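The primary structure of each chain is shown beneath.
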Amino acid sequence: MLKKLLAGRRRSTPVFRIPEGQRVYAIGDVHGCRTLLDRLIDAIAADDAARAPMATTRIFLGDIVDRGPDSAGAIDRLRELDAGPLATRFLLGNHEEMFLAAIERRPNALRTFTRIGGRETILSYGIDRDSYDAAGYAELADMIDAAVPADHIAFLRGFEDQIVIGDYAFVHAGIRPDIALDAQKPSDLRWIREPFLDHRGLLSHRIVHGHTISEAVAFMPHRIGVDTGAYQSGRLSAVGLEGDAAWPITVSD
């Protein structure tokens, strides 16, 4: 009787799958760590080459900018990938949202942006530290206008809110568990922590996200967290997905 009960429970647990013939690599929060980004791209390429040929897609989960030393360089690298032969898609993180808001001079956006790591992003575009420190917000906005290339801005504006492939949904931060995917607010997709992180039980899709730091790639029944805090830990991570399999890839300084 016990064996039958346990077997029934196993059968009732959904299996999340990537469609046949496809492989996906989802990359966590880069936060301006260009050197780690290059290493992870190489590690993913090696992992992909060691497996059976598939239609491979890379998904960057957002927060490419801020906090680390080379946000401008990280964006340049992603633009190179976007122009390459391998399918590559990008999600808008809350830090890209604030960067764009500051560029668009929305009220108080630049003040907030500089407090959450935007200073490092601005300096990565070649603005002198002494000039940055001496500038008021109006002057700083003018410096950003002059320093940030239009093609970087256009690139970031093309980032997506969410991506669904098979039984997986890819977002930056998470979702509201009681709301359908197609009804989620962009602000939640980019900023939410609770009640998503502590949700118990399964969702319509297994959610792959960044935004919330964990020591290693976090595998939960309803989610996979891929942010390993590159700018402070020196570790940048991705998760590979194929069929019903999922595996971590991490590089470090």
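In short, a report on the structure.

**What about the overall build of the protein?**
- Of the regular secondary structure elements, the protein holds ten helices and ten strands.
- The globule rule puts the C-alpha radius of gyration for 253 residues at 18 Å, and the 19 Å found for the protein is close to it.
- If you line up the protein on its principal axes, its C-alpha atoms span 75 × 40 × 30 Å.
- Counting only residues that meet the buried cut, the protein has 52% of its 253 residues in that class.
- The long-range share in the protein, meaning contacts at least 24 apart out of those at least 6 apart in sequence, stands at 63%.
- Total accessible area on the protein stands at roughly 11,900 Å², and carbon and sulfur atoms take up 51% of it.
- Separation of charge centres in the protein, based on 30 positive and 36 negative side chains, amounts to 9 Å.

**Observations concerning the pattern of salt bridges**
- Across all of its chains, the model carries 17 salt bridges by this definition.
- Across the pair Asp-47 and Arg-51 runs a salt bridge, and its minimum N-O distance is 2.9 Å.
- Residue Asp-47 is classed as buried on the basis of its relative accessible area, which comes to 16%.
- For Arg-51, a relative accessible area of 32% puts it in the partly exposed group.
- Among the charged side chains, a salt-bridge network with shared partners connects Arg-34, Asp-38, Arg-77 and Glu-80.

**Section: the packing of aromatic side chains**
- Counted by the stated rule, this structure contains nine aromatic pairs.
- Taking the centre distance of 5.0 Å and the plane angle of 85° together, the rings of Phe-155 and Phe-159 count as edge-to-face. No difference in accessibility class separates Phe-155 from Phe-159, as the two residues are buried.
- The ring centre of Trp-247 lies 3.7 Å from the NZ or CZ of Arg-51, which sits over that ring.

What counts, and where the lines are drawn
- Residues numbered from 1 in each chain as written.
- Predicted model: local features only at pLDDT ≥ 70, side-chain atom pairs only at ≥ 80, totals over all residues.
- Heavy atoms only, no water.
- Helix = DSSP H or I, 4+ residues; strand = E, 2+ residues; numbered from the N terminus.
- Rg over C-alpha atoms; globule rule 2.2 N^0.38 Å.
- Buried < 20%, exposed > 50% of the residue type's maximum accessible area, 1.4 Å probe, protein only.
- Contact = heavy atoms within 4.5 Å.
- Areas by Shrake-Rupley, 256 points an atom, 1.4 Å probe, with all protein chains shown as cover.
- Lys, Arg positive; Asp, Glu negative; His and termini not counted.
- Charge placed at Lys NZ, Arg CZ, Asp CG, Glu CD.
- Salt bridge = Lys/Arg side-chain N within 4 Å of Asp/Glu carboxyl O.
- Phe/Tyr/Trp six-rings, centres within 6.5 Å; stacked < 30°, edge-to-face > 60°.
- Lys NZ or Arg CZ within 6 Å of the ring centre and 35° of its normal.

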